[in-house]
Structures are given as C-alpha cells and as structure tokens.
There are 4 protein chains.
Amino acid sequence: MMQATLFQLDDYGPWTTTPAPRAEMDLQTLQSRVYADVASFVGSRDGYAFYARGDNLLAFTSGIDRGAHETLQSTIRNRYPVTLSAGIGTGSTPRSAVEDATDRLQAAGSAQDSTRTEACRGTALAAADPFHVAHFDVVDATATYTDETGAYDSFLAMTSTFEAVSRTLYEHHGLAFFVGGDNVLALCPLLAESTYDGVIDEARARAGVDLRVGVGQGVTPATAGMDAKRALEVGRESDRATVFADGATAPPADAAD
Amino acid sequence: MMQATLFQLDDYGPWTTTPAPRAEMDLQTLQSRVYADVASFVGSRDGYAFYARGDNLLAFTSGIDRGAHETLQSTIRNRYPVTLSAGIGTGSTPRSAVEDATDRLQAAGSAQDSTRTEACRGTALAAADPFHVAHFDVVDATATYTDETGAYDSFLAMTSTFEAVSRTLYEHHGLAFFVGGDNVLALCPLLAESTYDGVIDEARARAGVDLRVGVGQGVTPATAGMDAKRALEVGRESDRATVFADGATAPPADAAD
Amino acid sequence: MMQATLFQLDDYGPWTTTPAPRAEMDLQTLQSRVYADVASFVGSRDGYAFYARGDNLLAFTSGIDRGAHETLQSTIRNRYPVTLSAGIGTGSTPRSAVEDATDRLQAAGSAQDSTRTEACRGTALAAADPFHVAHFDVVDATATYTDETGAYDSFLAMTSTFEAVSRTLYEHHGLAFFVGGDNVLALCPLLAESTYDGVIDEARARAGVDLRVGVGQGVTPATAGMDAKRALEVGRESDRATVFADGATAPPADAAD
Amino acid sequence: MMQATLFQLDDYGPWTTTPAPRAEMDLQTLQSRVYADVASFVGSRDGYAFYARGDNLLAFTSGIDRGAHETLQSTIRNRYPVTLSAGIGTGSTPRSAVEDATDRLQAAGSAQDSTRTEACRGTALAAADPFHVAHFDVVDATATYTDETGAYDSFLAMTSTFEAVSRTLYEHHGLAFFVGGDNVLALCPLLAESTYDGVIDEARARAGVDLRVGVGQGVTPATAGMDAKRALEVGRESDRATVFADGATAPPADAAD
C-alpha cells in the first residue's frame, strides 16, 4: 500500500473573479507560490507534490502523517488569501491511491462549496510498501529542441510527449507528471523493464520523441526518485534506454499489472 | 507588431545534476519561484509570462523595454543559484514574435553553453499594435470534473483540452497556455469570432470537453487579458460560447490569418 | 538542557560586493526570503527562528535533529546563490545554548573563510527540558504610537523598548528578539514573575513605554510560545501586566538565575 | 523635495490573534514575504523600502507614481491574507517626508479601523531633488565580532550601533535603518562630511564600535545608494572613515541642517 494526497484550494474559482476578475499574473504568482510551499513542505518530509491543475495539487505522501497535513493547512491559511483542503488516500498503486484521495475529499463537499473550508479527510498509512519512481528525459533534448526549434514548438513537443507517457502508464496504474525542461516523472507500481520499454516506444510512435528512463524503488518518493535520477545518469552515460537502479525490482512473474 | 520574450535559465540541465542529482522538490520549488518572480515583474508592467517548460519561460512584453529586462536579469542573479538569458523578439503575430525571440537567443549560444550567461538579445518595440487575449474555460468544470472525476483524470482531461486548443490556434498563429484550474489563455492576432468557435468545436471533438471563451483586445496583455476575463463572465452569465469584449475586433474582411 | 542553532550565511559579506556591489533591495529580498524559508522549516518542526543580523540567524531547535538541519542546508543551497552553515549548541539557558552554538560554528572556521561551506557542527539533544517563552507587547500601542506618532518615531520607540528588554533579560540568561509591530519575544530559563515585572519596570524607565507580558512554558518554542500568546490575551482583557499561562512555573525557590 | 511612503498592513494586530493566536513562525514568514515583495517592487523602480516594524514599512519612493503604488496594493491583496494601505508624503528631508506620509495615512483612519482598507493617500512628486544615501559598516566586523563574540552579543552590539547612528542622524533630519550584517543605511538631506564624522564619533562613544561610511547622492535611492556602496569600498581599501562618492556634495555653506 502507498499513500497519496489531493490538495485542493477551497472555493478558488469564484475567488478569482470576486468582486471582479483578478490580474492574471497575480493569480499565477499565487498558484506558483502555494505550490512551492506545498512542494517544499512535502519534499522536506521525503514526499513528492506536483502542480497538476494548480488549484488541485497531487502529492505522494507515504510516511507523512495527518498531523503534518494539518500543520501545512494552517500554514497556508496564515500566509495566503486562500485555504487548502486535503484528501488522504491509500491504495496498492498510485492510481488507486489518488482515486481514494479524491473520493474522500469529494465526500467532504464540493470544491466550490463555500462552507467546506480546510477539510482534512482520510487516514495516513502506518507503513508503506515500496513503489517505483520513473524519471524520463529526452535524448539530446538541448541539441534537438532547445537550440534548434522555436521555443513554443519545443514546449508543444514536450506536451505531446508527456501526454503519450501519461496515457500509456495510466493503463499500468502509474501516474506521470511533466516537471519542466524535458523531464517527466512518474509514480508507478512495480513494473517490468519491458513495460517501461513499451512506454518509450509509445512516445516515439505518438510524439516522435526519443526518451530514456531511470527507475528507482523505495517506500518514499524522495528515496525512490533519487535512485531514479542516478539510474538515468547511468543510462545517459551508457546510452541505454531503460535503467533500473540497484534494488529496483520487477513485479513477481505472475503478477499482472 | 507585438513583442515577445523568451527567458531561458542558463546551463540549467547540467546544474540540476552537478555535482550529484539535486532533490526534485527543491528543483520544483526553485522553478516555481523563478517563474513567480518573472510573472510578478512582467505582470506589474502589464505583460504576461507563462511557465511553459519551466527552464524556458515565454512572455509577452509589449511596452517593456530592454533596460527593464536587464533589471530582471540582475534581480534573478542576485536571488537564485541560476542565471537567466533573454531573447526579445517582435512579429506581426504571437507565433512570429516568439520565433524571432527564439532565433535571437539561439544566435547567442546554446542553452548549455557554459560561457553564455545572462545574454540579452533583441530590441524592444517603440510602439505595439493591438492583439487579442482569449481566455477559455470549461463549461461546468467543477460539477463535471472536479467534484465527480478522479483528480488525475481531470488533470489529463485538461491536458488534452489544452493540447486541442493549442494545436488549433497555432494554425492561426495564436499561442495558448494552460494557466491552472480549467483555464487556457491564448495570445492571438486579431481573429474572427468564427475562428474561436472553430477552436471550441475542435476541443469538443478531440477532448470531449465543452469550452467557452472571452476575447479582449489591447496593446498590452494585461489590458487585453482583463477585458477577456470580463467577456468570459458575460458568456458565463448569458450562456454564450464566444464573447468579444467591447472594442475587440475581428480582422479586416480580406485578411487571411 | 535546551538546544539552539546559529545559522550563518557562508562568506556572505564578500559576496554582496563581488564582482561589484549588488543592488540593496535585491539583498534585502534575498535575506528576507532566506529567513522566511528558515522560519518556515524550523517553525513547522515546532522551533523558532529569528532574523537577528540577517546573515546570522538564531534559532531555538529543541526536538529538531541534525539530519533535519542538513536537509535545510541542502534546500538553501538548491534555492539561493548562497550557502548556510549551522552550529548546534546546547545549554541550561537560551544564552548558554547560543554561546555553545556560536563556539561550535566558530571552531569550524571564519564566517568569511571561503573554504568553510555548509559546515554543520554540534549534536542535537535527545530530550529537552522545559523553558519559558515570554511574549511582550506595548499597552495601547496603536492608540499611543501608530495612530499618533510619526512612523519613524514609533519605530525608534520600539527599538529602544527592545533594547531595554533585551539588556535586562540578558542578565537573567534570557534572549529577546523584536518580532514586528509592538511585539518582543524572549526565550528564557524558568524565571520568577517578579523578574518579568522587573523587565517591564526597566522598559518604562529606559524607554518610557508600558509593556505587558504573557509567559508560556514547554519543551519546544511553538508550544511555549502559543501558551505565551494566550496568556498575553488574558493580560490584555484583565489589564494585568504579567500573566503566566497554566503550567508555567517559576524556578525553585533556591535557584539563582 | 523628496518622496516617502508609509506602507501599513490594515488591521493587522487583531488579525494575528483572530480567531485564536496564529503560529509565530507563520507570522514571521508572512511579514518577511510581504516585505520582500514590497522591497522587490519598490527596488525595481529605483526606490528603497525598509522593514521597520514589519507591519509598518518605510519606503523612499521618489520617481514612483501613485498608479504604481496602487498596483502594489492590489498585488498584495491578491497574494496575502492581509491588505496594505499607503501614505505618500513629500518633504525637504527624509524626516519631513516620512512625517508627511504618516500624517496623510493617519488622516485616513486608524491602523486598526476595520473599515480602512487599502487607503492610498497623498500625491507623488513630479520631480525630486537630490539627497544623500549613507552606507555605514563596522571596521573589521567579522574579525572583531562574528568570529570572536557570541552571536547574540554581536547582534546586541549592532542594535546599539544602529541606535547610536539613528538617534544622531535624526537630529540632522536623516533616517537610518539596520539592513543586516554590520550595515546601517541612512537616507539623509545633503549633509557635510563633518556631520558624518560626528555620527561615527557618537557610535564609538555610545556603542564602542568603529564605523566607516560611504556617501552617495542622487534623485533616487538606488542611484545614490549604489554610489554610497562604491564609496564605502573606497574607504575600506584606503582606510578612510568617511568617503563621499564623486558628485556627492555638502550643503551650501550657509545652510543649517
């Protein structure tokens, strides 16, 4: 089992246009700062948080208890003009953990229910099982894209790449996020090397982009993710597409993902 | 003519893995904060800046001169462990302005050239022409997605929606960006109402999502964008898909976009 | 025993003027943000951190282990153009704990030794003893100062008030910090109510300002400090100068501070 | 004539204890971030802003018009749980400009009047006259204090130094601020070199600390301040106590300050 958290800004849409539409760059600054604070808080406790839709942040929080979630909520309330609700979910895969987190928060009321403020629902795991973090990047991204192609075209190419990876991994119960540059990070159940090879094939077929991936394993995103980064470096140096870090394992042979 | 700026973190990829891979949440915090500072600086001067790839930020900067760009560069150098280069481009459409900005910065050297630091290339416009800002959102997003669907599924739905909008508008020389929640913002040349209707049709066909759009016009993103937000509110209240703000105009009848 | 940490920016003075003097508002922004990040990190772990000289931050960190200090150091390195060293000290009073923290860091090298980078010295306490947090504010500050006096005069009045409090408490091994508005916070060993009364008398004599104080007790600054705030509210409502929170105790009768 | 702005958080004291006292480190983080945003905004427009009491910020804003002040106010409202009022004052000296700024804001209502929100009073100067920025630091501060003395003792020594400088300069209508490390910055009318020598003498007599000062002159704080920093470097290299930058002038011989 692993743990995920859906953080949701309370009644945020209406706030952005009340009493009149607010300046877009102020909203972007606010969203980025709230995200940076959540990423920083979760990150210093070995979790990962992703921007996702900005008003709905997705975090992987194995090892972070409910009290810490509540501390984060009060911190946001004391720093920003908006408040944050949290649904803590658990599941055997990232996908099912996020689904559980969503269900719990939705049960507390609508995102635009003005009476739902700082809800915190769900129960933290006592002990988490290991999962994969897969770190993808583009082969020769700087030479192929950044230095050669229009900046917007490179951005669209990464969007398509992300979409190909995320759609494919989703079938295997992994959840991917674009994390800037030419990087896509995914939280996955234990998957076989051939599954990751397949994701890379899909990205080539659908987005015309060559990817590499490093895969790490651990009970927290920080440890698994750091191993994934090191494995990616090995792949870069040895020109291999898929590299598992030491200790990263495929699922048992009879497991169907 | 209008003005765009490509801001690029210098030699950032290598920095993220030197001397060893850096913690991912620290990188996400850094990227979000750099973006927030750029958005804040550009925004308080009536421009718009978008996160794009995080290490390549795209801004629309009509009315912001080169001296201000250099002030921003020195500010980033004094606050962060990374530096920022800028290419200032001009063009008759957002797309051509960004292409020009990219060309100018690429001519200064590779993004991973360790000797290219704080390059600032290009010339600011003395006077800009009006353009459109189009603000799209999803009809009944909260009831349809946020409160009903898994948080990751809603996120993927917005990614597909963004991709449909961006691919379609790109043909018309407009550039779109996902700005969080259920919102997509686009900088466009003066386009006809039927063109925006066509974008909405494409999004429905390709992503299965119903959009609305408000269109504002001005010589700076802030003024055009605020009008677009107000027009979107009008569309929401009156249940119209495409609403032009007062003063927003279609191109002359014989103009081909 | 209690624990204190001296955080020191490495080789910061020379950095501010290399290769040429940096813009003062950039330095102020940097210092404030570094402090905000340290305060936020320490605060979410029930400690307190104070700005002090900006390049030398003083924190009270009972309950925060050395690993957490190192996480904070790497976080600062990954976000800022400067690095942070830390001396962790222990002592029977705030004053002796800070002296120990200083000694440990000074033993690692000069603040302007360009080879001393991210030193972390000292050992965290396994278990801390209770201490006082005293929260002072000015009686009728808004009516007497903010709404009546020039803003700079009010600021100087608070500076003098702070100096009177800090000099007096220092004799009793307590350390005071101005925390904005009309508030002075002090970390103290267990002191008698009459000692706090004496501090208030000194402030009246030396700065001409009437103070109130709430005193809380605990093994972490956050718990003691929150009790102190509540005690101060009680004093405000009941017009008492010195209020001890429930559970706050004077030292044993024969203890000399 | 020169221009000053008093920025004041609206009804902030009550907010910090409503509905219950808020965590002190959250308040410190909030205050530091609001200040960093004000310093950043004002600084990128060639002004200076100082933390002062944290809820009352003092800025020198010659050249920044009222529209920019209002942009800053809306930016703060859109990012923080608090709002900001502003009094814009003018005067022939920093002291009289701040007094005027205070008068104007006080006339708009009490700092704790819950109906006074985002007041902006006063009129910006069309054209400003030159003034001095004086940048003081301590001779051999690192060797004498930071590396030798307890960190709290060094902090108190700087507090006393600041107080000696500020009290003395105040008589000459200059306003001083501690800006971290061993640095004190002052905005002054045009003063004679002998006046600055006298300030240094007072600091030695009252705080036992040896200071140096660089003096710059200009119509904006940024230009005068940068010249002051360069002059201070000259003083450091040539071991002179008071150095005027090129172009910095004493007042006419018959002027009494």
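Residues numbered from 1 in each chain as written. Chains lettered and ligands numbered in written order. Predicted model: local features only at pLDDT ≥ 70, side-chain atom pairs only at ≥ 80, totals over all residues. Heavy atoms only, no water.

Participant: Describe the packing of helix α2 (residues 24-43) of chain D against helix α3 (residues 66-79) of chain D, listing the residues and the values that go with them.
Facilitator: Residue and element names in this part refer to chain D. Here α2 crosses α3 at 150°, and the two axes come no closer than 11 Å. One element, α2, and the other, α3, form an angle in the roughly antiparallel class. Relative to α3, the crossing made by α2 is right-handed. Side by side, α2 and α3 meet where V34, D37, V38 and F41 of the first sit next to A68, T71, L72, I76 and R79 of the second. (Axes fitted to C-alpha atoms, helices over the stretch in contact; angles between N-to-C directions. Helix = DSSP H or I, 4+ residues; strand = E, 2+ residues; numbered from the N terminus. Parallel < 35°, antiparallel > 145°, perpendicular 65-115°, else oblique. Left-handed = near helix turned anticlockwise from the far one by under 90°. Contact = heavy atoms within 4.5 Å.)

Participant: Can you tell me about helix α7 (residues 193-207) of chain D, naming the residues and giving the values?
Facilitator: All names here are of chain D. Between its first and last C-alpha atoms α7 spans 21 Å; for 15 residues at 1.5 Å apiece the expected length is 21 Å, and the two agree. Taken together, the buried positions of α7 are occupied by T195, Y196, V199, I200 and A203. The buried residues of α7 all sit within an arc of 145° when viewed along its axis, so they share a single face. For α7, exposure combined with an orientation more than 90 degrees from the buried face picks out S194 and A205. On its buried side, α7 packs onto β6 (131-138), α6 (151-171), β8 (183-188), β9 (211-218) and β10 (242-244). After α7 finishes, the residue G208 shows a positive phi value of roughly 70°. (Expected span 1.5 Å × (residues − 1). Buried < 20%, exposed > 50% of the residue type's maximum accessible area, 1.4 Å probe, protein only. Arc of directions from axis to C-beta.)

Participant: Go over the environment of C:T102, please, and point to the residues and values.
Facilitator: Mapped onto the elements of the fold, C:T102 is located in helix α4 (residues 94-107). Residue C:T102 is classed as buried on the basis of its relative accessible area of 2%. In sequence terms C:T102 and C:A4 are 98 residues apart; their C-alpha atoms lie 9.5 Å from each other. For C:T102, the residues in contact, after removing those within four places along its chain, are C:L6, D:T149, D:G150 and D:A151.

Participant: Pulling in residues and values, what's your account of the interface of chain A and chain B?
Facilitator: Across the boundary between the two partners, chain A contributes 70 residues, which contact 70 residues of chain B. When the two sides are added together, the surface that chain A and chain B hide from each other amounts to roughly 5,600 Å², 59% of it contributed by carbon and sulfur. Considering only the surface of chain A that becomes buried against chain B, A:M25, A:R53 and A:Y152 emerge as the three largest contributors, covering 15% of it. Across the chain A-chain B interface, the total number found is two salt bridges. Among the salt bridges present, the one from A:K229 reaches B:E24, with a minimum N-O distance of 2.7 Å. Run the count over chain A and chain B and you get 36 residue pairs in polar contact (both at pLDDT 80 or more). (Buried area = accessible area lost by both parts, 1.4 Å probe. Salt bridge = Lys/Arg side-chain N within 4 Å of Asp/Glu carboxyl O. Polar contact = N/O pair within 3.5 Å; in protein donor to acceptor, adjacent residues only side chain to side chain.)

Participant: Describe the interface of chain D and chain B, naming the residues involved and giving the relevant values.
Facilitator: Counting from both sides, the interface comprises seven residues of chain D and, opposite them, seven residues of chain B. Counting each side, the surface lost to burial between chain D and chain B is near 470 Å², with a carbon and sulfur contribution of 33%. At the boundary of chain D with chain B, the tally comes to zero salt bridges. Inspection of the region where chain D meets chain B yields four residue pairs in polar contact (both at pLDDT 80 or more). Among the secondary structure elements, those contributing two or more residues to the side of chain D that touches chain B are α2 and α3 of chain D. Class assignment of the residues belonging to the side of chain D that touches chain B gives a composition of one nonpolar, three polar and three charged. (Nonpolar A, V, L, I, M, F, W, Y, C, P; charged D, E, K, R; others polar.)

Participant: Give a detailed account of the relation of the copies chain A and chain B, specifying residues and quantitative values.
Facilitator: A rotation about an axis combined with a shift along that same axis relates the two copies of the chain. For the pair chain A and chain B, the relating rotation is 180°, the translation along its axis is 0.0 Å, and the fit reaches an RMSD of 0.0 Å. Both copies of the chain, as the preceding transformation shows, are related through a two-fold rotation axis. It is A:S32 whose C-alpha, among those of chain A, lies nearest the rotation axis, at 2.7 Å. Mapped onto chain B, 100% of the interface residues of chain A again fall at the interface, so both copies present the same surface. (Least-squares fit on C-alpha atoms with pLDDT ≥ 70 in both.)

Participant: Tell me what's going on with the pattern of salt bridges, and back it up with residues and numbers.
Facilitator: Enumeration according to the criterion identifies 64 salt bridges over all chains in this entry. The salt bridge partner of B:E233 is B:R236, with a shortest N-O separation of 2.5 Å. Taken together, the residues span about one helical turn, with B:E233 and B:R236 both in helix α8 (residues 221-238) at a distance of three residues. Given a relative accessible area of 33%, B:R236 falls into the partly exposed group. In this structure, D:R206 engages D:E202 in a salt bridge whose closest nitrogen and oxygen atoms are separated by 3.4 Å. Placement of the pair is D:R206 and D:E202 together in helix α7, with a separation of four residues, close to one helical turn. Relative accessible area serves as the criterion here: at 31%, D:E202 is assigned to the partly exposed category.

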